[in-house]
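Structure at a glance
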Amino acid sequence: MEEYPQDGKPKSEWINQPVKEFGSPGESEILSFGVYSKQNWKDVILSVSDLKDEKSGAVISQNRIQKGWVSYRLKRLTPEGSQYAVGERYVNLKAKQDLKANSIHRVWSTLKVPENALAGLYKGTFSLQLANGRVKKVPIEFQVFNIQLKKVDFPVGPFNSHILENEWFPEELEDRIERSFQLSMAKMKEYGLTSFSFSPEIELNFDQNVLEIDTSRMNNVMKKARSEGFLGLVGYGDIFKGFHACKDDIRKLSGNRYSTVEFYKAVTRKLNEEAVQNHWLPLVLIACDEPLASDYPDLREKA
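Things to note about the sheet that holds strand 13 (residues 195–198)
One open sheet accounts for three strands, arranged 13-16-17; its pairing is parallel. Each edge of the open sheet is held by one strand with a lone partner, namely strand 13 and strand 17 (283–286). Going from strand to strand, the sheet's axes swing by 15 degrees on average, the running direction of each strand aside.

Regarding the packing of aromatic side chains
The description of two aromatic rings rests on the distance between their centres and on the angle between their planes. Applying the stated criterion to the full structure yields twelve aromatic pairs. For the ring pair F159 and Y236, a centre distance of 4.6 Å and an interplane angle of 50 degrees mean the geometry is tilted. Taken together, the positions of F159 in the loop between strand 12 (135–144) and helix 1 (174–190) and Y236 in strand 16 (residues 232–236) put the pair 77 residues apart, joining distant regions of the chain. Note on Y236: relative accessible area 16%, which makes it buried. Geometrically, the ring pair formed by F206 and F263 is tilted, given 6.5 Å between the ring centres and 40 degrees between the ring planes. Residue F206 is located in the loop between strand 14 (203–205) and strand 15 (212–214), and its partner F263 is located in helix 4 (residues 260–278); the two are separated by 57 residues in the primary sequence. Through a chain of ring-to-ring contacts, three or more aromatic side chains come together here, namely F206, F240, F243, Y258, F263 and Y264.

A closer look at the environment of V35
Examined against the element boundaries, V35 turns out to sit in strand 2 (residues 28–37). Through-space distance from the C-alpha of V35 to that of L128 is 9.4 Å; in sequence the pair is 93 residues apart. Discounting residues that sit within four places of it in the chain, V35 has contacts with W69, L99, S103, I104, H105, V107 and L128.

Observations regarding the pairing of strand 12
Each regular strand displays side chains that alternate between the two surfaces of the sheet. Pairing of strand 1 (residues 19–23) with strand 12 involves five bridges; the strand directions are parallel. Looking at the pairing, E21 lines up with F142 of strand 12. Alignment of strand 11 (residues 120–129) against strand 12, held across ten bridges, turns out to be antiparallel. Among the inter-strand pairings, G120 is bridged to a residue of strand 12, identified as V144.

Considering the side chain of S199
Relative to the helices and strands, S199 is located in the loop between strand 13 and strand 14. A distance of 3.2 Å separates a polar side-chain atom of S199 from the backbone oxygen of Y236. If we skip the residues at most four places from it in the chain, S199 touches R217, Y236, G237 and D238.

Re a nonpolar patch on the surface
Taken together, the side chains of F22, F145, I147 and L149 present a nonpolar region at the surface, about 380 Å² in accessible area. Accessibility expressed as a relative area gives 33% for F145, which makes it partly exposed.

Things to note about unusual backbone geometry
Phi at N102 is positive, roughly 60 degrees, even though this residue is not glycine. Looking at the element boundaries, N102 is found in the loop between strand 9 (96–99) and strand 10 (103–112). Taking relative accessible area as the criterion, N102 reaches 44% and is therefore assigned partly exposed. Its identity is not glycine, yet N256 carries a phi of approximately 70 degrees, on the positive side. For N256, the position within the fold is in the loop between helix 3 (250–253) and helix 4.

Conventions used here
- Residues numbered from 1 in each chain as written.
- Predicted model: local features only at pLDDT ≥ 70, side-chain atom pairs only at ≥ 80, totals over all residues.
- Heavy atoms only, no water.
- Pairing = 2+ DSSP bridges.
- Helix = DSSP H or I, 4+ residues; strand = E, 2+ residues; numbered from the N terminus.
- Axes fitted to C-alpha atoms, helices over the stretch in contact; angles between N-to-C directions.
- Phe/Tyr/Trp six-rings, centres within 6.5 Å; stacked < 30°, edge-to-face > 60°.
- Buried < 20%, exposed > 50% of the residue type's maximum accessible area, 1.4 Å probe, protein only.
- Contact = heavy atoms within 4.5 Å.
- Polar contact = N/O pair within 3.5 Å; in protein donor to acceptor, adjacent residues only side chain to side chain.
- Patch = residues over 30% accessible without salt bridge, like charges linked within 9 Å, V, L, I, M, F, W, Y side chains within 5 Å.
- Areas by Shrake-Rupley, 256 points an atom, 1.4 Å probe, with all protein chains shown as cover.
- Salt bridge = Lys/Arg side-chain N within 4 Å of Asp/Glu carboxyl O.

So yeah, pure geometry; function would need other evidence.
Encoded structure:
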């Protein structure tokens with residue numbers, strides 16, 4: 001795999017090569033390729049044919065291929081915007097796309113291999129229809145193996161991946177974020193994933209002599225993940241709301257009522273109670289990730 005800039009020119013050995021991929025019955029596999037345009041084009045139409053194995057005559061319908069184009073955005077590398085990079089944002093599930101001159105545009109389509117697909121080499125074509133009527137065809141070669149993969153029966157999924165919608169006031173984006181979260185879980189399940197990571201944002205309350213915690217967000221995520229059939233979750237990032245497990249001093253936050261060891265014992269005890277009461281999935285919490293002793297002199301006491 002080689003990273004390549006969006007404004008880079010394709011290498012000669014890449015041009016007119018077929019899109020090659022492989023998979024087993026029941027799998028979802030990506031069919032991706034780049035389109036380099038020498039001029040600006042409006043409304044270039046992407047289409048795809050059926051895939052056919054010439055030996056057996058078996059066909060995978062074009063309806064099993066979800067077409068899409070990668071959408072790009074500028075990512076600020078510094079707060080003031082003096083440095084930035086072009087990054088992939090999401091996949092637009094549409095057929096039409098404007099092409100900008102001297103830029104690479106990426107097609108990102110997904111083939112859902114039928115459960116009953118016969119083994120063989122299936123061939124077909126992507127087609128790009130330009131506004132002047134010209135059509136550019138890109139060959140597809142997809143090898144289906146004679147292997148039926150077993151479904152994953154242990155937690156596995158994306159790590160440190162989350163939905164960021166920070167361009168507006170958070171309280172006004174709650175519904176949008178919630179819809180995006182539901183769609184994200186559905187897509188992960190579609191690809192056979194059984195776990196994901198999230199930020200628990202446990203709220204701590206030291207107003208009384210006894211530590212109280214609020215796990216409303218965790219309960220909400222757990223309930224939805226369990227209903228979707230996930231097998232386990234990982235808490236990462238903002239484990240505690242307003243408290244950094246590596247950098248902040250729990251003695252100061254608790255009014256000198258808890259040492260680090262006492263604090264985590266109390267939190268673990270309360271989380272276990274919540275887990276039993278609310279039927280949580282298995283959960284791993286990463287409270288302090290890859291800390292450096294030079295950055296945190298009192299780290300030994302926290303370890």
